[in-house]
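Structural features, examined
One-letter residues, chain by chain:
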Amino acid sequence: AQVRIPVLRSGAAELVPGGAMTFNSGGRKDREFTLDGVWVLGGPEGGIYGGGGLALRSAIWEVDGDREMKSGPTAVLGLKTNSVGGAPVGVQIQVRWVWVEENLTRQIMTFGINFPLWGHGRR
């Protein structure tokens, strides 16, 4: 899950906090929290965007180890629309790279549906 918060009135810069949960074998759950800043080339109408930020990942990193929180940088690249067929709902496709462990780089591709919490998705 993530929230896109416009930072500039032009809609070109957004702050994107998010969270994810990974279900592993043995009933283990890893939790990841991210905070990214992105630049949207098309502003409020959408388009290609990119940026980066910070990730916090809570996981059991070693066999028989305790849960530990680690942090690292992120990079994100994506494409989003502001609306689909005139409806106030948009879509996004995103690739994210997360580096929280020296030997582990996670690459995640997501497809999302965005809907505005206010403003009906249009200026």
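Scroll up to find the structure this text is about.
The structure presented is a predicted model; accordingly, all values stated were derived computationally and were not measured.

Rules behind the numbers
- Residues numbered from 1 in each chain as written.
- Predicted model: local features only at pLDDT ≥ 70, side-chain atom pairs only at ≥ 80, totals over all residues.
- Heavy atoms only, no water.
- Salt bridge = Lys/Arg side-chain N within 4 Å of Asp/Glu carboxyl O.
- Helix = DSSP H or I, 4+ residues; strand = E, 2+ residues; numbered from the N terminus.
- Patch = residues over 30% accessible without salt bridge, like charges linked within 9 Å, V, L, I, M, F, W, Y side chains within 5 Å.
- Areas by Shrake-Rupley, 256 points an atom, 1.4 Å probe, with all protein chains shown as cover.
- Lys, Arg positive; Asp, Glu negative; His and termini not counted.
- Charge placed at Lys NZ, Arg CZ, Asp CG, Glu CD.
- Buried < 20%, exposed > 50% of the residue type's maximum accessible area, 1.4 Å probe, protein only.
- Phe/Tyr/Trp six-rings, centres within 6.5 Å; stacked < 30°, edge-to-face > 60°.
- Lys NZ or Arg CZ within 6 Å of the ring centre and 35° of its normal.
- 1 Å grid on protein atoms, 1.4 Å probe; cavity = no way out; pocket = protein on both sides within 12 Å on 5 of 7 lines; lining within 4 Å.
- Points joined across faces, edges and corners; volume = space filled by probe spheres on them.
- Nonpolar A, V, L, I, M, F, W, Y, C, P; charged D, E, K, R; others polar.

What to know about the pattern of salt bridges
- Within the structure shown, the criterion is met by 7 salt bridges.
- Put simply, E101 and K70 hold a salt bridge, and the shortest N to O gap is 2.5 Å. Residue E101 is located in strand β6 (residues 90–101), and its partner K70 is located in strand β5 (residues 67–81); the two are separated by 31 residues in the primary sequence.
- Among the charged side chains, a salt-bridge network with shared partners connects D30, E32, R57 and R106.

Thoughts on a positive patch on the surface
- The grouping of R28, K29, R31 and R67 at the surface amounts to a positive patch.
- Considering the arrangement of structural elements, one finds R31 in strand β3 (residues 29–40).
- Residue R31 is classed as partly exposed on the basis of its relative accessible area of 30%.

Focus: the packing of aromatic side chains
- By the definition in use, this model includes 0 aromatic pairs.
- Between R4 and the ring centre of Y49, over which it is positioned, the NZ or CZ distance is 4.5 Å.

Topic: the layout of surface pockets
- In this model, the largest pocket occupies a volume close to 1100 Å³.
- V3, R4, K80, N114 and F115 are the residues nearest the centre of the largest pocket, which is lined by 41 residues in total.
- Residue assignment for the lining of the largest pocket shows that the elements contributing at least two residues are β1 (5–6), β2 (13–23), β3, β5, β6 and β7 (104–114).
- Looking at the lining of the largest pocket residue by residue, the classes come out as 14 nonpolar, 18 polar and 9 charged.

Keep in mind these numbers describe shape, not what the thing actually does.
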